[in-house]
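Single-letter residue listing:
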Amino acid sequence: MVLASVGALCALLMLVFPSNGIQIGGYKIKFKTWNGLADSTAVRTIVDVEKYLAQFDSTSLATDSLAADSLKLNVKRTISIASLQFKDNDSSPFFHLFAALDSAKSGKRVHIYHYGDSQIECDRMTGMLREKLQEKFGGYGPGLVAPLPIAATSHCSQSQSDNWKRHTSYGFDDGKVKHNKFGVMCSFARFTSPKKKTEIDSTKTTEAWFEMRPSGMAQPHSKTFNTATMYLGNHQFAFTLLVMADDKVIAQDTIQVSAAMQTLKWSLSSTPRKLRFVFNGADSPDVYAVSLQNNTGVNVTNIALRGNDGAAIRRVNSTEMRTTFADLGADLVILQFGGNAVPYLKNESSARAYGNGFRSTIQHVKNCAPNAAILVIGPSDMSTSVDGAFQTWPYLAELNEGMKEAAFAESCAFWDMFNVMGGENSMVSWVTNNPPYAGPDYTHFTPAGARKMAELMYKAINDEYEAWKTAHSSM
């Protein structure tokens, strides 16, 4: 009887309680409404994620006639929600990339840079994409590795002395610097604090070290490399650098003063179990990254910018970015952002404004790597609790469309991760999938979900390559 009375009272409150709640002092009290209860039972657009994703294994075909330079190619492209999208269905901006991948099989080096937010941190998504590409086109190694990563990564095990500090073009900075020479990783590390030359005692030197080892969690091809390249500079006094492979000294040099970026390279007879770099000097250089790779095949670098919306890239001085892009090559740049802007969107116009603003990030990359193909990836679905039910954040879909418009305006490809997942409210099904493909924050993929999404991304790129290859071979 008591339970029935409580139920009846709750039902009455659900009928009469205002949907936007009641303000009492500094607090707002809300109560589930009948409409809200109905909404909570209809937030999923897909239920069986595996069955939904299986459709992308067999896609419909469409034929487009596209011009590449003076050649005329009849490219039969696979078309589905999970395909790469191009303005006017013209995939020719990626022909240069496909030609490079084709040449990688016979010895050319191809470098791909995967920028993103925390969705790709720890080499998630990138690791699987790298392995798939290296399996098909050749190549070994993890690509560029930061000397002091923000979090442990699965593609390279690292340790370092405790006097290193990380400086970035975005948040999570251990100390601010008065320049924007952050390099392609949007960060560097130092073992002494940035100071004016007159404030440094050149007779007092500091020793620092960091060590890199193939990770047992890395994909197979990432564990092997035969070349190490270090990018550093902006130091005001010479310093010594000792390089050791498996406790054997392979190089010992004095690195002279340089305000510009320097490139140091070492050939390795085999992949070392540990590669150690020991610095000693009065003023630390800005150490941008170490590239661990082979000189042929595909290299894929993971650049995760936690909490960022892509603006960190355009804050970086273009000179340092160009230096690394030119040295390693830059055949494809992937820009995967948007998620960190979603919680702050106030209306449809602000969502569109973000998309339009993303063009400046694309333009900065094009300026630094003019020959690179660019792939823009919008945010995944993300859920927030509305009246007790998890639903897609407001204006996420509009932001996603704005980013696609920005990509098309700059002749880039777009991969619609939001709709590949299933679109609005699909995150709920990814969280409740068995195994879970997304975590309890209803934002980030689990390792299994990241692998699944990376496989779909690779398939989208490979489908376009195969279409190009078929058309090119038939000429």
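Throughout this description, residue numbers start from 1 for each chain and increase along the sequence as written. Residues qualify for local features only when their pLDDT is at least 70, as the model is predicted, and side-chain atom pairs are given and counted only at 80 or more; totals for whole chains, interfaces and linings, by contrast, use all residues. As a convention, hydrogens and water are excluded, and side-chain values are obtained from all of the structure's heavy atoms.

Student: Just to check I follow, could you spell out the sheet that holds strand S19 (residues 373-377) for this structure?
Tutor: Through backbone hydrogen bonds, the strands of a sheet pair up, either in parallel or in antiparallel fashion. Taken in spatial order, the 5 strands of this open sheet run S17-S5-S18-S19-S22, and their pairing is parallel. Of all strands in the sheet, those with a lone pairing partner are strand S17 (297-304) and strand S22 (413-415), marking the two edges. Strand after strand, the sheet turns through a mean of 20° between neighbouring axes, direction not considered. Between any two strands, at least two bridges found by DSSP are needed for them to pair. A run of H or I in DSSP counts as a helix once it spans at least four residues, and a run of E counts as a strand once it spans at least two, with each numbered from the N terminus. As defined by bridge partners, strand S5 (residues 109-116) adjoins strand S18 (residues 332-336) across 5 bridges and the pair is classed as parallel. Within S18, the residue paired with Gly 116 across the bridge is Gln 336. Geometry is summarised by axes, namely lines fitted to C-alpha atoms with helices restricted to the contacting stretch, and by angles between N-to-C directions that run from 0 to 180 degrees.

Student: I keep staring at unusual backbone geometry and nothing clicks. Help me out?
Tutor: Peptide bonds are trans in most cases, and residues, glycine excluded, mostly fall at negative phi. Following Asn 434, the chain continues to Pro 435 via a peptide bond in cis, the omega torsion being 5°. With respect to the element layout, Pro 435 can be found in the loop between helix H11 (427-432) and helix H12 (447-473). Positioned with a positive phi, Tyr 395 is a non-glycine residue whose angle comes to about 70°. Tracing the chain through its elements places Tyr 395 in the loop between strand S21 (389-392) and helix H9 (396-409). Exposed residues in this analysis have more than 50% of their type's maximum accessible area, buried residues have under 20%, and partly exposed residues fall in between, with area computed by a 1.4 Å probe over protein chains only. Tyr 395 sits in the partly exposed class, given a relative accessible area of 29%.

Student: What should I look at first to understand the packing of helix H5 (residues 126-137) against H12 in this one?
Tutor: How two helices sit against one another is set out by the angle between their axes and by the gap between those axes. The contact between H5 and H12 brings their axes to 8 Å, and the two run at 35°. Judged by the sense of rotation from one axis to the other, the crossing of H5 with H12 is right-handed. Across the interface between the two elements, Met 128, Leu 129, Lys 132, Leu 133, Lys 136 and Phe 137 from H5 touch Arg 451, Ala 454, Glu 455, Met 457, Tyr 458, Ile 461, Asn 462, Tyr 465 and Glu 466 from H12. A class-by-class count of the residues in the contact of H5 with H12 yields 9 nonpolar, 1 polar and 5 charged. A crossing counts as left-handed when the near helix is turned anticlockwise from the far one by less than a right angle, and as right-handed when that turn is clockwise. In this description, contact between two residues means that some pair of their heavy atoms is separated by no more than 4.5 Å. In this classification, Asp, Glu, Lys and Arg are treated as charged, Ala, Val, Leu, Ile, Met, Phe, Trp, Tyr, Cys and Pro as nonpolar, and every other residue, Gly included, as polar.

Student: Looking at this model, I keep getting lost on the environment of Ser 318. Mind explaining?
Tutor: For Ser 318, the position within the fold is in helix H7 (residues 318-328). For Ser 318 and Asn 180, which are 138 residues apart along the polypeptide, the C-alpha to C-alpha distance reads 9.2 Å. Discounting chain neighbours no more than four positions away, the residues touching Ser 318 are His 364, Asn 367 and Cys 368.

Student: I'm lost on the side chain of Ser 187 in this one. Help?
Tutor: Relative to the elements of secondary structure, Ser 187 occurs in strand S9 (residues 187-190). Setting aside its immediate chain neighbours within four residues, Ser 187 contacts Arg 166, His 167, Thr 168, Phe 182 and Tyr 288.

Student: Explain the nonpolar core to me, please; I cannot follow it from the model alone.
Tutor: The nonpolar side chains of a soluble globular protein tend to be buried with one another. Definition used in this section: a nonpolar core is a set of buried Ala, Val, Leu, Ile, Met, Phe, Trp, Tyr and Cys residues joined via side-chain atoms within 4.5 Å. One finds Phe 94, Met 125, Val 298, Leu 375, Trp 415, Trp 430 and Met 453 to be the most contacted residues of the largest nonpolar core, which totals 58 residues. If we ignore the near neighbours within four places in the chain, the residues touching Leu 375 are Leu 84, Phe 94, Leu 332, Val 333, Ile 334, Leu 335, Ala 413, Phe 414, Trp 415 and Ile 461. Tyr 288, Ile 313, Phe 337 and Ala 407 belong to the second-largest nonpolar core, a separate cluster that totals 46 residues.

Student: How should I be thinking about the pattern of salt bridges in this particular structure?
Tutor: Working definition: two side chains of opposite charge can pair if their charged atoms are close together. By definition here, a salt bridge exists when the distance from a side-chain nitrogen of Lys or Arg to a carboxyl oxygen of Asp or Glu is within 4 Å. Inspection of every chain in the model, using the stated rule, returns 16 salt bridges. Measuring nitrogen to oxygen at the nearest pair gives 2.8 Å for the salt bridge that ties Arg 306 to Glu 121. In this pair, Arg 306 sits in the loop between S17 and helix H6 (311-314) while Glu 121 sits in the loop between S5 and H5, placing the two residues 185 residues apart along the sequence. Taking relative accessible area as the criterion, Glu 121 reaches 11% and is therefore assigned buried. Two residues, Asp 463 and Lys 459, come together in a salt bridge whose shortest N-O distance is 2.9 Å. Of this pair, Asp 463 and Lys 459 are both found in helix H12, 4 residues apart, which corresponds to roughly one turn of the helix.

Student: Even after reading the chapter, I still don't get the packing of helix H8 (residues 348-368) against H9, so can you show me in this structure?
Tutor: Contact geometry of H8 with H9 gives a least axis separation of 7 Å together with a crossing angle of 30°. Taken together, the axis directions place H8 and H9 in an arrangement best described as roughly parallel. For the pair H8 and H9, the sense of crossing is right-handed. From H8, Glu 348, Ala 351, Arg 352, Tyr 354, Gly 355, Asn 356, Phe 358, Arg 359 and Ile 362 reach across to H9, where they touch Glu 398, Leu 399, Glu 401, Gly 402, Met 403, Glu 405, Ala 406, Ala 407 and Ala 409. When the residues that make up the contact of H8 with H9 are grouped by side-chain class, the tally is 9 nonpolar, 3 polar and 6 charged. What sets the label is the angle itself: under 35 degrees gives roughly parallel, over 145 gives roughly antiparallel, 65 to 115 gives roughly perpendicular, and the rest give oblique.

Student: What should I look at first to understand the packing of aromatic side chains in this one?
Tutor: The description of an aromatic ring pair uses the distance of the two centres, along with the angle that the planes make with each other. Here a pair means two rings of Phe, Tyr or Trp (six-membered ring of Trp) with centres within 6.5 Å. Their orientation is stacked below 30 degrees between planes, edge-to-face above 60, and tilted elsewhere. This structure, assessed with the given rule, holds 23 aromatic pairs. Judged by centre distance (5.6 Å) and plane angle (85°), the ring pair of Tyr 52 and Phe 56 falls under edge-to-face. Residue Tyr 52 shares its accessibility class with Phe 56, and that shared class is buried. Site record: aromatic cluster; members linked through ring pairs are Trp 164, Phe 191, Phe 210, Phe 239, Trp 266, Phe 277 and Phe 279. One residue, Lys 197, lies across the ring of Phe 237, its end atom 5.3 Å from the ring centre. The aromatic ring of Trp 209 is capped on one face by Arg 276, whose charged end is 4.0 Å from the ring centroid. Only Lys NZ and Arg CZ are tested; either one counts as a charge over a ring when it is within 6 Å of the ring centre and within 35 degrees of the ring normal.

Student: What's the story with H8 in this structure? I'm lost.
Tutor: For the α-helix, the turn length of 3.6 residues means that residues three or four positions removed from each other point alike. Any helix carries an expected span of 1.5 Å times its number of residues minus one. Relative to the 30 Å expected for 21 residues at 1.5 Å per residue, H8 spans 32 Å between its end C-alpha atoms, a close match to the ideal helical length. Listed as buried for H8 are Ala 351, Tyr 354, Gly 355, Phe 358, Thr 361, Ile 362, His 364, Val 365 and Cys 368. An end-on view of H8 places all buried positions within 155° of arc, on one side of the element. The elements touched by buried residues of H8 are H6, H7, S18, S19 and H9. When we speak of the arc, we mean the arc of directions from the helix axis to the C-beta atoms.

Student: Even after reading the chapter, I still don't get the sheet that holds strand S15 (residues 275-281), so can you show me in this structure?
Tutor: Strand order in the open sheet formed by 5 strands is S7-S10-S15-S12-S13, and the pairing between neighbours is antiparallel. On the outer flanks of this sheet lie strand S7 (157-160) and strand S13 (248-255), each paired with one strand and no other. Within this sheet the neighbouring strands show an average axis-to-axis angle of 15°, counted without direction. With 4 bridges joining them, S7 and strand S10 (residues 206-213) adopt antiparallel strand pairing.

Purely geometric numbers; function is a separate question.
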